[in-house]
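Spelled out from the first residue to the last, the chains are:
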Amino acid sequence: MEGLAPDALRIAVLGAGSWGTTFAKVLADAGAQTTLWARRREVAQEITETHRNSDYLPGINLPPNLRAHDRLERVLAGAQQVYLSVPSQSLRSNLHSIRDIVPPDVPVVSLMKGVERGTGLRMSEVIANELGIDVERIAVVSGPNLALEIAKKQPTAAVVASASHATAVAVAQAATNEYFRSFVNTDVIGTEFGGVLKNLIAVAVGIADGVGYGENTKASIITRGLVELTHFAVAYGAQAETMSGLAGLGDLIATCESKLSRNNTAGRLLGQGYAFTEVIAQMNQTAEGLSSVGPILELAEQRGVHMPIVAQVAQVLEGTLDPRELAPHLATDSDEPQGE
Ligand SMILES: NC(=O)c1ccc[n+]([C@@H]2O[C@H](COP(=O)([O-])OP(=O)(O)OC[C@H]3O[C@@H](n4cnc5c(N)ncnc54)[C@H](O)[C@@H]3O)[C@@H](O)[C@H]2O)c1
Ligand SMILES: O=P(O)(O)OC[C@H](O)CO
């Protein structure tokens, strides 16, 4: 491609929604020759020919070294790194399709923030399972990363985690440019669960917002939510410090505060009185939190972790709790004061 260094990294990104496209732009802006897989041919054509993805990133110009295709074989051929950004519940079936065509030995990176319904597995676990590859080849990216802001080149940080420090570094190098900075760690569990759990707290904050509660209520939910997500993640082997980093607190703040967040938006609609089915009908993008609530509560129960906020989000989704009742029962279902 014109203007690219001859040794430019060749990268494949699967999933041309808002995050897949934005992350592909980050990688391309960092100098990689990047190819996106779009399910729909017309989306692939629009990206390659007009450098736009108007459905997901209206008004954003994409760089010329970012192209797209609807054929997986074309996208994956010769890729030196592979990134996955499809809705979490569709990951396994997508991996089936690429199992035999992912280039050997290259890093495979999850950009997703969900857990699989039915198994409760994190995305990196589904990848290891389905592709049968060494965990040292797998990395995950998380952090306060609202796609549209990054697509507009607003300065942002993220964290890349892998069981292999070398893999994390290779991915972070590829995903660092003048507006996007990738840090590294080896706490894959904490980094992934941070991204999943903050979505649930963002739904709760959205509900409070939709009901009409103010900043005290939302700050209370965010703060107690951080305690809840830390207890959960640590019970599953995460390091507590990860939860006060970019993938925990950082993402919690961004998602709970932003009207761009789909999880926050879904919560707000619930708080305004829309039923779950009506919210789903109104959302035209992925709100992962809605699918993660059930599996996360099952996992919490298995390790004896108390998650009052997430449990109440589940009740609002089921229609068994009035949204106005969510915040008053923030901390516990007991009337006894408890330690913070
Ligand atoms: N958008 C963000 O700001 C953001 C930031 C960080 C992480 N994420 C995570 O990235 C992942 C993808 O989210 P997104 O924001 O790009 O969602 P999106 O709704 O914007 O796009 C989803 C994409 O997946 C495609 N898709 C839908 N069903 C599919 C299927 N069965 N098989 C293959 N492709 C399918 C859609 O056509 C679309 O291209 C989610 O896990 C999300 O939590 C999103
Ligand atoms: O729009 P949301 O709620 O999926 O959040 C997007 C990102 O995860 C924010 O970091």
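Note that this is a predicted model, so its numbers are computed, not measured. (Residues numbered from 1 in each chain as written. Chains lettered and ligands numbered in written order. Predicted model: local features only at pLDDT ≥ 70, side-chain atom pairs only at ≥ 80, totals over all residues. Heavy atoms only, no water.)

A. Quick look at the domain arrangement of the protein chain. You can read the domains of the protein chain as domain 1 (10–186) and domain 2 (189–329). Between the C-alpha centres of domain 1 and domain 2 there is a distance of 24 Å. Every contact between the two is made by 30 residues of domain 1 and, on the other side, 26 residues of domain 2. If you sort the residues of domain 1 by the area they bury against domain 2, Lys113, Arg122 and Leu146 come out on top, with a joint share of 29%. (Domains from an automatic or database assignment. Contact = heavy atoms within 4.5 Å. Buried area = accessible area lost by both parts, 1.4 Å probe.)

B. Geometry of the site of ligand 1. Near ligand 1 there are 23 residues, and of these Ser18, Ala147, Arg262, Thr286 and Glu288 occur at the shortest range. In the environment of ligand 1, an oxygen atom lies 2.7 Å from a nitrogen or oxygen atom belonging to the side chain of threonine 286. Glutamate 288 places a side-chain nitrogen or oxygen 2.6 Å from an oxygen atom of ligand 1. For ligand 1, the protein covers 87% of the area, taking 830 Å² as the surface of the free molecule. In this structure the site holding ligand 1 corresponds to the largest pocket. Both domains that furnish three or more residues to the shell around ligand 1 are identified here as domain 1 (10–186) and domain 2 (189–329). (Near = heavy atom within 4 Å. Polar contact = N/O pair within 3.5 Å; in protein donor to acceptor, adjacent residues only side chain to side chain. Areas by Shrake-Rupley, 256 points an atom, 1.4 Å probe, with all protein chains shown as cover. 1 Å grid on protein atoms, 1.4 Å probe; cavity = no way out; pocket = protein on both sides within 12 Å on 5 of 7 lines; lining within 4 Å. Sits in = over half its atoms within 2 Å of the grid points.)

C. Here's a closer look at empty space enclosed by the protein. Tallied over the entire structure, the rule returns 1 cavity of 30 Å³ or more. Of the voids in this model, the largest cavity is the one considered here, and its volume is about 40 Å³. For the lining of the largest cavity, the secondary-structure elements that each account for two or more residues are strand E6 (138–142) and helix H8 (188–211). Looking at the lining of the largest cavity element by element, the count peaks at 4 residues for H8. Partitioned by chemical class, the residues of the lining of the largest cavity number 4 nonpolar, 4 polar and 2 charged. Split by domain, the lining of the largest cavity shows at least three residues from each of two domains, domain 1 (10–186) and domain 2 (189–329). (Points joined across faces, edges and corners; volume = space filled by probe spheres on them. Helix = DSSP H or I, 4+ residues; strand = E, 2+ residues; numbered from the N terminus. Nonpolar A, V, L, I, M, F, W, Y, C, P; charged D, E, K, R; others polar.)

D. Quick peek at the sheet that holds strand E1 (residues 10–14). Spatially, 8 strands are ordered E3-E2-E1-E4-E5-E6-E7-E8 in an open sheet, and the strand pairing comes out mixed. Strand pairing shows two members of the sheet lacking a second neighbour, strand E3 (66–69) and strand E8 (180–185), which therefore form its edges. Strand after strand, the sheet turns through a mean of 25° between neighbouring axes, direction not considered. Here strand E5 (residues 108–110) runs beside E6; their pairing, made up of 3 bridges, is parallel. (Pairing = 2+ DSSP bridges. Axes fitted to C-alpha atoms, helices over the stretch in contact; angles between N-to-C directions.)

E. Focus on the side chain of lysine 25. Along the chain, lysine 25 falls in helix H1 (residues 18–29). The contact partners of lysine 25, leaving out residues within four places of it in the chain, are Ile60, Asn61, Leu62, Pro63, Leu66, Ala151, Lys153 and Tyr179.

F. Up close: the layout of surface pockets. There is about 1,100 Å³ of room inside the largest pocket. Forming the boundary of the largest pocket are 43 residues, of which Ser18, Trp19, Arg262, Gln285 and Thr286 lie nearest the centre. Of all elements in the fold, only H1, helix H6 (147–151), H8, helix H11 (246–257) and helix H12 (262–271) reach the threshold of two or more residues within the lining of the largest pocket. Tallied by class, residues from the lining of the largest pocket come to 18 nonpolar, 17 polar and 8 charged. Looking at the lining of the largest pocket, you find at least three residues from each of domain 1 (10–186) and domain 2 (189–329).

G. Focus on the packing of helix H4 (residues 91–98) against helix H5 (residues 123–131). In the contact formed by H4 and H5, the axes pass within 10 Å of each other and the chain directions differ by 35°. The two elements H4 and H5 cross, and the hand of that crossing is right-handed. Between H4 and H5, the contacting residues are Leu91, Arg92, Leu95, His96 and Ile98 on the first element and Met123, Val126, Ile127, Asn129, Glu130 and Leu131 on the second. In terms of residue class, the contact of H4 with H5 is made up of 7 nonpolar, 2 polar and 2 charged. (Left-handed = near helix turned anticlockwise from the far one by under 90°.)

H. The arrangement of the UniProt feature "domain: Glycerol-3-phosphate dehydrogenase NAD-dependent C-terminal" (unreviewed entry) in the protein chain in detail. Under the UniProt annotation, "domain: Glycerol-3-phosphate dehydrogenase NAD-dependent C-terminal" (unreviewed entry) lies at residues 187–326. As annotated, residues 187–326 comprises 74% helix and 0% strand, and the C-alpha atoms at either end are separated by 32 Å. (UniProt positions renumbered as here; feature names shortened; annotations may be inferred.)

I. Just the site of ligand 2, in detail. Taken together, the residues surrounding ligand 2 are Lys113, Gly143, Pro144, Asn145, Leu146, Lys198, Asp251, Thr255, Leu260, Ser261, Arg262 and Asn263. Separating an oxygen atom of ligand 2 from a backbone N or O atom of glycine 143 is a distance of 3.1 Å. Within the side chain of aspartate 251, one N or O atom sits 2.5 Å away from an oxygen atom of ligand 2. Protein contacts shield 92% of the accessible area of ligand 2, which totals 310 Å² for the unbound molecule. With respect to the pocket detection grid, ligand 2 is positioned in the largest pocket. Residue assignment for the shell around ligand 2 shows that the elements contributing at least two residues are H11 and H12. Residue composition of the shell around ligand 2, by class: 3 nonpolar, 5 polar and 4 charged. Three or more residues apiece are contributed to the shell around ligand 2 by two domains, here domain 1 (10–186) and domain 2 (189–329).

J. Quick peek at the pattern of salt bridges. This model, assessed by the stated rule, comprises 15 salt bridges. Here arginine 41 ties to aspartate 70 by a salt bridge, and the two come within 2.9 Å at their closest N and O atoms. In this pair, arginine 41 sits in helix H2 (residues 41–50) while aspartate 70 sits in the loop between E3 and helix H3 (72–76), placing the two residues 29 residues apart along the sequence. One salt bridge connects aspartate 209 with lysine 259, and the closest N-O pair in it is separated by 3.4 Å. (Salt bridge = Lys/Arg side-chain N within 4 Å of Asp/Glu carboxyl O.)

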